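# Structural description and commentary
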Amino acid sequence: MNLQLKKIGHRYGATDVLQDIDLDIPAGKIVCIVGPSGCGKSTLLRLIGGLERPSTGQVVQIGDPPGDSLNPLTYVFQDFALLPWRSVEGNIRLVLEDHGITNRETEVIISDVLTRTKLTDFRQALPKQLSGGMKQRVAIARALAVKPAVMLMDEPLSALDSQTRELLMDDLVNLWTREAFTAVYVTHNLNEAVRLGHAVVVLSRRPGCIREVVDIDIPLAERTLGHPDLERQQQHLWNLMRDEAMAADQELVNA
Amino acid sequence: MPEISQENPPKTVLFRGGGFAPRPNRWAGAALFIALIALLEMGTRSGFITPLTLPRPSDVLSTFIDLWNSGLLWKHLVPSFSRLLIGATIGASFGIGIGILIGLFSLLRAGLVPLVAAIFPIPKIALLPLFVIWFGIDETSKYALIAFGTFTPTVVATYGAVDNVDRSLIRMGQSFSLSWFSIVRKIVLPGAMPGILSGLRISLAIAIILLVAAEMLGAEYGIGAYILEAGSLYNLERLFTGVAILSLLGLGMSAAIGLLEKWLLGWRT
Ligand SMILES: Nc1ncnc2c1ncn2[C@@H]1O[C@H](COP(=O)(O)OP(=O)(O)OP(=O)(O)O)[C@@H](O)[C@H]1O
Ligand SMILES: [Mg+2]
């Protein structure tokens, strides 16, 4: 299933947040969205997943999601959004409960996603017992459990320290290499963008519109830390963003 | 960097991070209790406190034991308990139910919040004659009074608790296409539970106050009736026995809610 954004624009009261966004999200690819603070990245993600209605334009779905997909458009949130009163297993069970699947199938799915995210030993743990990185793994496992057609990830690694982030990026690359998933990945970290994105969309400052789409052809598995091509791409992205970021910063001061 | 010398000796950095972190202390409460009672006992025995001002704690205890031995204790306690149980259960269930509805539906909120705010400060005891006319002089009017009194604080605590449920968790539920009912049952309700339980603490204390008030106005048996009788005879030992029973009742309730919190809210850090 592909997603296509057609002339998306969004407004909160009198402020234009997004303008004229045209974008394709092809199946099996990770599209990263970068842009200065407050340019509407999170808003765009909410529009894509149907948590909010765009003021103008529309998000269209081309083709049907795979038949076994329980929740085609699935989010991974920056703040994890785990229920503190449910164990790791219970948090994953939560999103399977409303779909009328048998206990056996539920068991199979839970064991599978816990193995894939290396969480099997933490099955009964409560969120308060887990580190940030572990919590985000649980959130990713929960997202994988509903077999999404597109994963919508809003700065999923921003709340983590840089070592944990590095580890989780490797995990995401492994997950993708074993079974390609489609994702829209919002981040303000250009390194994450060049490591994970097949395409990197650069948004301008508010009202956000697309400045450039940078395609990166290197296979994900070969994008090691300090890869020279990636460094170059990252530099290029930074050059694009620097002026926008500076202007956005000034704007916040003046406002 | 200055040299360490005779005039410049090394000093440990002062600790200034203490306090502001309540720690549980099992014994302080009991110790204060015992100390106060011992003080009263000594005061009354030495004659410093006259028997007309306060009864002797040991006399209160022996009155209590007499009450126990005569079997009258249960005769008073059982009806009181059942009034409290039935009234508070009705009031708290309606309160939690309506509070959740107010928390979930804007229209209900707009309509009911001012109404509840208008009812809340009315001393419910003042309405007892009205309840007697509506529900008769027997048990029903007592249930109604206690239920009404527990209802309002429970409503206010409950919708406040629902308002405080983490919106990002509700968003998460919606993003996984959970049904409305699932979101309420599995996210809103457990998320509001801490607030509901702390509201219940207050509501149940109010229920005890109203229980006594209702029983004072017309009941043959019950702690309230016992206290009223003691008061009219100016029998201070009995009066204080009744009051002590009420305090114990309150302590018991608070402990019960504490247990409930431990059981339901173990997930909190
Ligand atoms: N619900 C809302 N109501 C009104 N204004 C909003 C709302 N949500 C976001 N905004 C505004 O829209 C703009 C874009 O917000 P958004 O959260 O999408 O930015 P962002 O690119 O995700 O920023 P960040 O990098 O800080 O996460 C901001 O100026 C914000 O103040
Ligand atoms: Mg954001």
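Residues numbered from 1 in each chain as written. Chains lettered and ligands numbered in written order. Predicted model: local features only at pLDDT ≥ 70, side-chain atom pairs only at ≥ 80, totals over all residues. Heavy atoms only, no water.

## Let's talk about the overall build of chain A
The secondary structure content of chain A amounts to 7 helices and 9 strands. What you see for chain A is a C-alpha radius of gyration of 18 Å, in line with the 18 Å of a compact globule of 255 residues. Projected onto its principal axes, the C-alpha positions of chain A cover 55 × 40 × 35 Å. Counting all 255 residues of chain A, 52% fall into the buried class. A sequence separation of at least 24 residues applies to 71% of the contacts in chain A between residues at least 6 apart. A total of about 11400 Å² of accessible surface is found on chain A, and carbon and sulfur atoms cover 49% of it. (Helix = DSSP H or I, 4+ residues; strand = E, 2+ residues; numbered from the N terminus. Rg over C-alpha atoms; globule rule 2.2 N^0.38 Å. Buried < 20%, exposed > 50% of the residue type's maximum accessible area, 1.4 Å probe, protein only. Contact = heavy atoms within 4.5 Å. Areas by Shrake-Rupley, 256 points an atom, 1.4 Å probe, with all protein chains shown as cover.)

## A few points about the overall build of chain B
Within chain B one finds 10 helices and 0 strands. In chain B, the order of α-helices and β-strands from amino to carboxyl end is α-α-α-α-α-α-α-α-α-α. In terms of overall dimensions, chain B is more spread out than a globule: its C-alpha atoms have a radius of gyration of 26 Å, far above the 18 Å expected for 269 residues. Principal axes of the C-alpha set define a box for chain B whose edges measure 80 × 70 × 30 Å. Buried residues in chain B amount to 36% of all 269 residues.

## Here we look at the site of ligand 1
Residues and elements named next belong to chain A. For ligand 1, the full set of nearby residues is Tyr12, Val17, Ser37, Gly38, Cys39, Gly40, Lys41, Ser42, Thr43, Arg46, Glu155 and Arg206. Within the contact set of ligand 1, an oxygen atom lies 2.6 Å away from a side-chain nitrogen or oxygen of serine 42. For ligand 1, whose unbound accessible area comes to 630 Å², protein coverage reaches 60%. Looking at the shell around ligand 1, the element that brings in the most residues is helix 1 (residues 41-48), giving 4 residues. (Near = heavy atom within 4 Å. Polar contact = N/O pair within 3.5 Å; in protein donor to acceptor, adjacent residues only side chain to side chain.)

## Examining the side chain of A:Glu52
Relative to the helices and strands, A:Glu52 is located in the loop between helix 1 and strand 4 (56-62). Within polar-contact distance, the side chain of A:Glu52 engages the side chain of A:His10 at 3.4 Å. Polar contacts involving the side chain of A:Glu52 include one to the side chain of A:Tyr12, which spans 2.6 Å. Beyond its immediate stretch of four places on either side in the chain, A:Glu52 contacts A:His10, A:Tyr12, A:Arg46, A:Leu47 and B:Arg171.

## Section: the packing of helix 9 (residues 223-232) of chain B against helix 10 (residues 236-264) of chain B
All names here are of chain B. Close contact between helix 9 and helix 10 brings their axes to 8 Å; oriented N to C, the two are set at 155°. Between helix 9 and helix 10, the interaxial angle falls into the category roughly antiparallel. In this structure, the crossing between helix 9 and helix 10 has a hand that is left-handed. Along its contact with helix 9, which presents Ile223, Tyr226, Ile227, Glu229, Ala230 and Gly231, the element helix 10 presents Arg238, Leu239, Thr241, Gly242, Val243, Ile245 and Leu246. Within the contact of helix 9 with helix 10, the residues separate by chemical class into 8 nonpolar, 3 polar and 2 charged. (Axes fitted to C-alpha atoms, helices over the stretch in contact; angles between N-to-C directions. Parallel < 35°, antiparallel > 145°, perpendicular 65-115°, else oblique. Left-handed = near helix turned anticlockwise from the far one by under 90°. Nonpolar A, V, L, I, M, F, W, Y, C, P; charged D, E, K, R; others polar.)

## Regarding the sheet that holds strand 8 (residues 199-203) of chain A
Across a sheet, paired strands are connected by hydrogen bonds in the backbone, their directions being either parallel or antiparallel. Residues and elements named next belong to chain A. Taken in spatial order, the 6 strands of this open sheet run 5-6-7-3-8-9, and their pairing is mixed. Each edge of the open sheet is held by one strand with a lone partner, namely strand 5 (73-76) and strand 9 (210-215). This sheet shows a mean twist of 20° between the axes of neighbouring strands, independent of strand direction. (Pairing = 2+ DSSP bridges.)

## A few points about the packing of helix 8 (residues 180-217) of chain B against helix 10 of chain B
All names here are of chain B. Running from amino to carboxyl end, helix 8 crosses helix 10 at an angle of 165°, the nearest separation of the two axes being 10 Å. Our classification of the angle between helix 8 and helix 10 gives roughly antiparallel. Crossing handedness for the pair helix 8 and helix 10: right-handed. On helix 10, the residues touching Met193, Leu197, Ser198, Leu200, Arg201, Leu204, Ile208 and Val212 of helix 8 are Leu246, Leu249, Gly250, Met253, Ser254, Ile257, Gly258, Leu260, Glu261 and Leu264.

## Describing the packing of aromatic side chains
All names here are of chain B. Scanning the entire structure with this criterion turns up 9 aromatic pairs over all chains. An angle of 75° between the planes, with centres 6.0 Å apart, marks the rings of phenylalanine 131 and tryptophan 134 as edge-to-face. Highlighted residues: phenylalanine 131 and tryptophan 134, both in helix 5 (residues 128-135), separated by 3 residues, approximately one helical turn. The exposure class of phenylalanine 131 is buried, given its relative accessible area of 6%. Tryptophan 134 sits in the exposed class, given a relative accessible area of 57%. (Phe/Tyr/Trp six-rings, centres within 6.5 Å; stacked < 30°, edge-to-face > 60°.)

## Observations concerning a nonpolar patch on the surface
On the surface, B:Leu101, B:Phe105, B:Leu108, B:Trp180 and B:Phe181 cluster together into a nonpolar patch covering about 490 Å² of accessible area. Relative to the elements of secondary structure, B:Trp180 occurs in helix 8. (Patch = residues over 30% accessible without salt bridge, like charges linked within 9 Å, V, L, I, M, F, W, Y side chains within 5 Å. Salt bridge = Lys/Arg side-chain N within 4 Å of Asp/Glu carboxyl O.)

## Quick word on the interface of chain A and chain B
Contact with chain A, which involves 25 residues of that partner, is made by 19 residues of chain B. In this assembly, chain A packs against chain B so that about 1900 Å² is buried in total across both faces, 65% of it on carbon and sulfur atoms. Considering only the surface of chain A that becomes buried against chain B, A:Trp85, A:Asp98 and A:Lys128 emerge as the three largest contributors, covering 33% of it. In this structure, the salt-bridge partner of B:Lys186 is A:Asp98, at a minimum N-O distance of 3.5 Å. Linking chain A with chain B are 9 residue pairs in polar contact (both at pLDDT 80 or more). Elements that contribute at least two residues to the side of chain A that touches chain B include exactly strand 5 and helix 4 (132-145) of chain A. Its residues assigned to classes, the side of chain A that touches chain B shows 14 nonpolar, 3 polar and 8 charged. (Buried area = accessible area lost by both parts, 1.4 Å probe.)

## Some words on helix 1 (residues 26-46) of chain B
Residue pairs three or four apart in sequence face the same way in an α-helix, which turns once every 3.6 residues. Residues and elements named next belong to chain B. Helix length check: helix 1, at 21 residues, gives a terminal C-alpha distance of 32 Å against a target of 30 Å (1.5 Å per residue), a fit within 8%. All buried positions along helix 1 are accounted for by Glu41, Gly43 and Thr44. Packed against the buried residues of helix 1 are helix 2 (57-70). Phi turns positive one or two residues past the end of helix 1, at glycine 47, with a value near 85°. (Expected span 1.5 Å × (residues − 1).)

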